[in-house]
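# Topology and contacts: notes
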Amino acid sequence: MTYQTRIRRVRNPDLPMGQRYTALRCAVEHYRRIGFHATWQFITSTDPHRPVPLDESGLFEALARLETSRNVWLAEMDSYAARRTALKHLGIQADREEVHYRHSQRWPGPDAHEAATVAVRYLRDRDREFHGPPEVWEPFTPLEQELSGLVDAFLGLGLDASQRRLLSTLHTQVTNARRRHTRHYDLSLATSRLSWAATLMRNDALPLVRRGWTGDAEAITAIFWAARGRMAYLPTLHTFEQTRWWVANIMAPQAELWVAEMRGVPVGFAALQGDSLDHLYLDPAHQGRGIGEALLAKAKRRRRELRLHVFEQNTGARAFYARHGFTVVGGGSDNEEGLPDLEMRWRR
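Presented here is a report on the structure given in the accompanying data block. (Residues numbered from 1 in each chain as written. Predicted model: local features only at pLDDT ≥ 70, side-chain atom pairs only at ≥ 80, totals over all residues. Heavy atoms only, no water.)

The next subject is the nonpolar core. Grouped together as the largest cluster of nonpolar side chains are 48 residues, with contacts concentrated most on Leu24, Leu66, Trp107 and Met201. Apart from the residues lying within four places of it in its own chain, the contact partners of Trp107 are Tyr31, Arg33, Ile34, Thr39, Phe42, Ile43, Arg65, Leu66, Ser69, Ala112 and Ala115. (Core = buried A, V, L, I, M, F, W, Y, C linked by side-chain atoms within 4.5 Å. Buried < 20%, exposed > 50% of the residue type's maximum accessible area, 1.4 Å probe, protein only. Contact = heavy atoms within 4.5 Å.)

Structure follows, in structure tokens:
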């Protein structure tokens, strides 16, 4: 049966409750973005290994959570397909990091973090022991211990800046270890569990930086408007509608655009024109989470040299760029706002 058939059976009041319950479990088999057991535990709030019968309200609540996530995922994949088609016509290849993100373990939707927490806790509470000859698995013990520390932090107060950087490194190491040992069953099983936990945390705590396009104009305009709205010293020169037209018709088509997503939602962007970093803005609600650092790192990987202009009064941005290797090489006030600014430059 298809997923939609299962869903219709769950909603059918003429069927016995047992059959509707079974239909829901079968629907989860079709849509299990964080694994079957973790998905079931999240949508029903019950132990997946000791399933208990659900009443009708519990059944519909679980179904609503499942359907909400799946609908968000379908809309997200439709948007991704449209963007890839447009970028392909421009000769821009798919980014492997984004392909992995779109198809790896994560829970699309407004409750993405709660689902990731349930899935990571489920993996942590499973058997942690490696199996097989000690000489095979002992080299991975330090890797597991480091990752376990990050799991505890993720499930506790959350990851700080240094832990987010460590998570990115460990995710790469675990993924490579899994690929090297696919033929050793016991070790492959253990490294697969480590890789799964690292991927869940990475997709939840770290931003995805992907190529932008004109279809991102609405989200970019909202970020641009919100970020500049926090700069009290800036004069208001244009309306929101004028800004949206400029983003859609001037900036997005002409610039090399990169968009940062957190849990599937755009929260920042960077625009490159040659060696000039023309814009780098974040949603104010998502500052301090490594998003600006990720966007700047992407820009650095794309260029051997970068230059930018920053308002003299924007002390936070000046300090941010200085921490990441930019130096002041000039200044002036040749900008639309007529305010003093600094020219900063970085070389590889």
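The tally for this structure, following the rule as stated, stands at 11 aromatic pairs. Judged by centre distance (5.6 Å) and plane angle (50°), the ring pair of Phe224 and Trp246 falls under tilted. Of this pair, Phe224 sits in helix α11 (residues 217-229) while Trp246 is found in helix α12 (residues 240-254), placing the two residues 22 residues apart along the sequence. Note on Phe224: relative accessible area 9%, which makes it buried. With relative accessibility at 28%, the residue Trp246 sits in the partly exposed group. Ring centres 5.6 Å apart and planes at 85° place the aromatic pair Trp225 and Phe240 in the edge-to-face group. Residue Trp225 is found in helix α11, and its partner Phe240 is found in helix α12; the two are separated by 15 residues along the sequence. Members of the aromatic cluster, connected to one another through ring pairs, are Tyr31, Phe42, Trp73 and Trp107. Over the aromatic face of Trp40 sits the side chain of Arg25, whose NZ or CZ is 4.7 Å from the ring centroid. One cation-aromatic arrangement involves Arg65 over Phe42; the distance from NZ or CZ to the ring centre is 4.4 Å. (Phe/Tyr/Trp six-rings, centres within 6.5 Å; stacked < 30°, edge-to-face > 60°. Helix = DSSP H or I, 4+ residues; strand = E, 2+ residues; numbered from the N terminus. Lys NZ or Arg CZ within 6 Å of the ring centre and 35° of its normal.)

What follows is about empty space enclosed by the protein. Overall, the coordinates contain three cavities of 30 Å³ or more when judged by the stated rule. Considering only enclosed or pocket space, the largest cavity measures out at about 140 Å³ in volume. Elements supplying a minimum of two residues to the lining of the largest cavity: α6 (112-125), α8 (141-155) and α10 (185-205). For the lining of the largest cavity, the element with the highest residue contribution is α8, accounting for five residues. In terms of residue class, the lining of the largest cavity is built from six nonpolar, one polar and five charged. Considering only enclosed or pocket space, the second largest cavity measures out at about 80 Å³ in volume. Lining of the second largest cavity is provided by Tyr101, Gln105, Arg106, Trp107, Pro108, Ala112, Ala116, Leu200, Asn203, Asp204 and Arg263. Sorting elements by how many residues they give to the lining of the second largest cavity places α10 first, with three residues. (1 Å grid on protein atoms, 1.4 Å probe; cavity = no way out; pocket = protein on both sides within 12 Å on 5 of 7 lines; lining within 4 Å. Points joined across faces, edges and corners; volume = space filled by probe spheres on them. Nonpolar A, V, L, I, M, F, W, Y, C, P; charged D, E, K, R; others polar.)

Relative to the elements of secondary structure, Arg9 occurs in helix α1 (residues 3-11). A residue is classified by how much of its surface remains accessible, and Arg9, at 26% relative accessible area, is partly exposed. Spatially, the C-alpha atoms of Arg9 and Leu24 are 8.2 Å apart, while their sequence positions differ by 15 residues. Aside from chain neighbours lying at most four places away, what touches Arg9 is Met1, Leu15, Gln19, Arg20 and Ala23.

Turning our attention to the pairing of strand β2 (residues 256-262). Judged by how many residues are buried, β2 sits mostly within the fold: seven of seven residues are covered. Burial of β2 is two-sided: the residues Glu256, Trp258, Ala260 and Met262 facing one way and the residues Leu257, Val259 and Glu261 facing the other way are all buried. In the sheet, strand β1 (residues 208-211) pairs with β2 via four bridges, with the strands oriented antiparallel. Residue Arg210 lies in a different strand from β2, and its bridge partner there is Val259. In this structure, β2 lies alongside strand β3 (residues 265-273), joined through seven bridges in antiparallel fashion. Among the inter-strand pairings, Leu257 is bridged to a residue of β3, identified as Ala271. (Pairing = 2+ DSSP bridges.)

Think of an α-helix as 3.6 residues a turn; residues three or four steps apart then line up on the same face. Buried residues dominate helix α3 (residues 36-44), accounting for seven of its nine residues. For α3, every residue scored as buried is listed here: Phe36, Ala38, Thr39, Trp40, Phe42, Ile43 and Thr44. Tucked inside the fold, the buried residues of α3 contact α2 (17-30), α4 (56-89) and α6.

For the pair α6 and α8, the least separation of the axes is 10 Å and the interaxial angle reads 140°. As judged from the angle between their axes, α6 and α8 are oblique. Taken as a pair, α6 and α8 cross one another with a handedness that is left-handed. Residues His113, Ala116, Thr117, Val120, Arg121 and Arg124 of α6 form the contact with α8, whose participating residues are Val151, Asp152, Phe154 and Leu155. In the contact of α6 with α8, the residues fall into five nonpolar, two polar and three charged. (Axes fitted to C-alpha atoms, helices over the stretch in contact; angles between N-to-C directions. Parallel < 35°, antiparallel > 145°, perpendicular 65-115°, else oblique. Left-handed = near helix turned anticlockwise from the far one by under 90°.)

The N-to-C vectors of α1 and α4 enclose an angle of 155°; their axes lie 11 Å apart at closest approach. With respect to α4, the axis of α1 lies roughly antiparallel. When you trace α1 past α4, the crossing you get is left-handed. In contact with Tyr3, Gln4, Ile7, Val10 and Arg11 of α1, α4 contributes Leu59, Phe60, Leu63, Leu66, Glu67 and Arg70. A breakdown of the residues in the contact of α1 with α4 according to their chemical character gives seven nonpolar, one polar and three charged.

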